[in-house]
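# Structural overview for review
Okay, here's what each chain looks like letter by letter:
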Amino acid sequence: MPHVPRRPGAAARSAAFLVSGALAVTALAGCGSDDQAGRPAAGPDVASAARTQVKDGGTLRWAVDDVPQTLNTFQADADAATSRVTGAVLPSMFRLDAQGRPQADPDYLEKAEVIKTEPKQVVLYKLNQQAVWSDGREIGAADFAAQWRALSGRNSAYWTAHNAGYNRIENVERGKNDLEVRVTFAKPYADWRSLFSPLYPKDVMGTPDAFNEGARRKLKVTAGPFALDKVDRGDKQVTLERNPRWWGRPAKLEKLELTAVPRDKRPAALAAGKLDLAEVDPGAAERIAYAARDKGASGPLAHGPGAGVTSGEALRSWARAHNEDWEVAEAELEARAKTRKAVRKYEKEQTGLNGFVVRKSLEPAYTQLALNGSSGPLADERVRQAVARALDRDKLAQSVLKPLGLPASTVGSHLALSGQAAYADNSDALGKQDADKAQALLAEAGWVRGGPLEEKQQKPKTAGGKAEGAAAESDDGTYIMGEDDQKAGDDAKPGDAAPPLLGPGPLAAAQHSALLHQADAAKVRSAEREGKHAGDAKQGAAPGAYAPKGTPAPQQAAAKDAGEGKEGAKAGAASGQLAKDGKPLTLNFVLPSGPDAEQLQSVADRISTMLQKIGVRTDVTKVDDETYFKDHIAAGDYDLALYSWPGSAYPATDARPIYAKPVPAADGELTVEQNYTRVGTDHIDQLFDQAVGELDQDKERSLVRQADERIWAAAGSIPLYQRPELVATKANLVNAGAFGFQEPSYEDIGFLKPGAKAGGSPVEDAG
């Protein structure tokens, strides 16, 4: 999924979110009412089945975003596909459970505990005596020691992305026997469970060459239920096969094929039988729901190409097809032929999709509004707090999650998600939505309504271009008429801007019979209007119609005359916009422009409307997905932005670089690590430093929560909602689903035997 930067050190922990599809969202029990962490907002949605009901063999074809650039999860270019591979083929001492909390993996670890705290912290690992590498060698202290040395940061020849935790280790040695590993720390380390997950063999970690290059394309030695067969970059596919030396429950599948398929191509690939499991967007999920609903139905479909044609449009289409002007008639007949072809293709794909279901949960990641505090109005904490308090986070969460049938709750912590041990809702440290308080904060900061604005000579925005200093209205510079006035307001009902996922069809059944095959006449209408109706656009065309280049863009009524001579300086009072020292309070809202970013753009529209009510204007700039982070977020070229962070089970370690106070480097530039908002304090840094060295878990969590309170108060980033997780899966695929926090058990995934039904737990038997 796009726009989720990796926390440093979290490659293996925010990894492989295995998801698939059903309609019910389960909730988790287990946390007492006195536990601030609560329970996850949505639990795993998995078709569980006893292993005796799962057939042996078969190949699971699983979509990934790309073939991993490296198989070494500790390198900077490791990604979710890297973690998916390593999760299936390498040991992890601890894995996350359904509440996002680390649990020892018994396939590798009998026990791990802190046996000493004074004079130094010592952790003793007792390994499963059956645990061996695929070459037959026992997993042992030599592997732990090699990984520590490679990741300790002491040898710069190793190209590591991070060394958090490993740099606090003093020594790794064999215990009383080959099954014991003693790890002694030079400094206490609260998140010691995060280490050695995954664990690579000493062959990979032993030398810089093997670490830097050897593990990028190959993993000759593994120790999981699967082993790496091949990485085929030509076919964009990674193939995993059963590990014959695996000592645990044997993998049910013979092979796992991870295939790179773009998100917009996945519905077609699923329908064509090329994929069994794929994360999908809401539009694709809706198509699958329609396919299930329409199974066995007769007549044309009430959705897809041509489904929006009204009776009036159908009559006009008939008239054009029989027009005496042969060019008009020919164009209409050609449009009809294209529509029929599109309808046939769509219907065929829908038939292929009726063998899939959609399972849904919430990803272990949240979307936030980032406020760049390095310069401009947002350098003032009061302005950041005002922006934050103008937001109705409940409505924003509902607009995204409610149409999907997911729990529409907000996120109350920057450092953990509901259900995780460190979670607590600390948003009261900033305060709830309060427009009056927001306006008071802005006034205190010197921003007042009706203040005079400096004269600004600016060319009017026109279609096909943009005014100097103004953001482009669309990706290609083309202004779309009606777009400015069609933004979703914060008073709109949740889901107004989104299609009704998994809901009833958009048209009544009686409407479709005579109309569906006469669709897509837009091109003909455009040609027909050419010349004779050329003036329509200036008089107010339908929203979404493209204006000819040079057409002045509509202005908001209050700002229509702003900037036109001396009258522009008086416009502040009329518009109600805030100003200070002759400058309006305008924030640059930077967003990605790709098709996967439609949800973010809808949320941004709602945020802009909320800010407008307190006198804050936003200029939206849409940029290419590929440059969004590198050239804008990481470079600090934005005022407001939307992107996501994964929730971590180890916030004292993983979150510190995200909220660390930026410090000037020798050349004067700020060193921000991953603190892209550039907002931080010494107090926050001190709380993280105390937490990471606190071995009492209750005290550590208290320190983490205190740090979160200070992060809320600084208002550099505002958590909004947990990201939705939608995955299409074959109806007979079991023990795979929308896992939420939980890491999958790859050995249990498989296809039901003929006549078998899902039910039971795969761990209840050893079949």
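Residues numbered from 1 in each chain as written. Predicted model: local features only at pLDDT ≥ 70, side-chain atom pairs only at ≥ 80, totals over all residues. Heavy atoms only, no water.

### Details of the side chain of D107
- Residue position: D107 is located in the loop between β4 (102-104) and β5 (109-116).
- Although buried, D107 forms no salt bridge, and the nearest oppositely charged side chain, R249, lies 5.6 Å from it.
- With near-sequence residues (within four places) excluded, D107 lies in contact with N128, A131, W246, W247, G248 and E747. (Helix = DSSP H or I, 4+ residues; strand = E, 2+ residues; numbered from the N terminus. Buried < 20%, exposed > 50% of the residue type's maximum accessible area, 1.4 Å probe, protein only. Lys, Arg positive; Asp, Glu negative; His and termini not counted. Salt bridge = Lys/Arg side-chain N within 4 Å of Asp/Glu carboxyl O. Contact = heavy atoms within 4.5 Å.)

### Topic: the sheet that holds strand β6 (residues 122-127)
- With respect to topology, four strands assemble into an open sheet ordered β5-β6-β8-β7, the strand pairing being antiparallel. The sheet is open, and its two edges are formed by β5 and β7 (169-174), each paired on a single side. When the angles between neighbouring strand axes are averaged without regard to direction, this sheet yields 15°.
- Here β6 pairs with strand β8 (residues 180-185) via five bridges, running antiparallel. (Pairing = 2+ DSSP bridges. Axes fitted to C-alpha atoms, helices over the stretch in contact; angles between N-to-C directions.)

### Remarks on the packing of aromatic side chains
- Here the structure, examined in full by the defined rule, presents 20 aromatic pairs.
- Ring geometry for Y125 and W192: centres 6.4 Å apart, planes at 80°, overall edge-to-face. Highlighted residues: Y125 in strand β6 and W192 in the loop between β8 and α3 (202-205), separated in sequence by 67 residues.
- For Y125, a relative accessible area of 1% puts it in the buried group.
- Given a relative accessible area of 3%, W192 falls into the buried group.
- Arranged with centres 6.3 Å apart and planes meeting at 70°, the rings of Y643 and Y676 form a pair that is edge-to-face. Of this pair, Y643 sits in strand β19 (residues 640-646) while Y676 sits in the loop between β21 (670-671) and α19 (682-692); the two residues are 33 residues apart in sequence, bridging distant segments of the chain.
- Taking relative accessible area as the criterion, Y676 reaches 12% and is therefore assigned buried.
- Taken together through their ring pairs, the aromatic side chains of F74, F94, Y125, F144, Y166, W192, F196 and Y200 make up a single cluster. (Phe/Tyr/Trp six-rings, centres within 6.5 Å; stacked < 30°, edge-to-face > 60°.)

### Points about the packing of helix α7 (residues 311-321) against helix α8 (residues 326-353)
- Direction vectors running N to C along α7 and α8 enclose 130°, while the axes themselves pass 7 Å from each other. Relative to α8, the element α7 lies oblique. When α7 is examined against α8, the residues S317, W318, R320 and A321 are found in contact with a partner set consisting of V328, A329, E332, L333 and R336.
- Across the contact of α7 with α8, the residue classes break down as five nonpolar, one polar and three charged. (Parallel < 35°, antiparallel > 145°, perpendicular 65-115°, else oblique. Nonpolar A, V, L, I, M, F, W, Y, C, P; charged D, E, K, R; others polar.)

### With respect to helix α2 (residues 141-151)
- For α2, the tally of buried residues reaches nine of 11 residues, placing the bulk of the element in the interior.
- Buried within α2 are the following residues: A141, D143, F144, A145, A146, Q147, W148, A150 and L151.
- On its buried side, α2 packs onto β6, β7, β8, α3 and α4 (208-217).

### Points about the sheet that holds strand β15 (residues 578-580)
- Taken together, the three strands give an open sheet; going across it, the order is β14-β15-β16, and neighbouring strands pair in antiparallel fashion. One side of each edge strand has no neighbouring strand; the edge strands of this open sheet are β14 (448-449) and β16 (583-584).
- Judged from the two bridges that link them, β14 and β15 form a sheet pairing that is antiparallel. Counterpart to V448 in the pairing with β15 is A579.

### Section: the pattern of salt bridges
- Evaluation of the coordinates by the stated rule reveals 32 salt bridges.
- Between R174 and D178 there is a salt bridge; the shortest N-O distance is 2.6 Å.
- By relative accessible area, R174 is classed as partly exposed at 45%.
- Among the residues examined, D178 registers a relative accessible area of 44% and is labelled partly exposed.
- The partner of D294 in a salt bridge is R293, with the nearest N and O atoms 3.2 Å apart.
- The buried category is assigned to D294, whose relative accessible area is 18%.
- Among the charged side chains, a network of salt bridges with common partners joins R51, R249, E747 and D748.

### Brief notes about the environment of R233
- For R233, the position within the fold is in the loop between β9 (226-232) and β10 (237-242).
- When its relative accessible area of 32% is taken as the criterion, R233 is described as partly exposed.
- A sequence separation of 164 residues divides R233 from Q69, and the C-alpha atoms of the two residues are 9.7 Å apart.
- The residues contacting R233, other than those within four sequence positions of it, are V67, P68, Q69 and R217.
- One polar contact links the side chain of R233 to the main-chain carbonyl oxygen of P68, over a distance of 2.6 Å. (Polar contact = N/O pair within 3.5 Å; in protein donor to acceptor, adjacent residues only side chain to side chain.)

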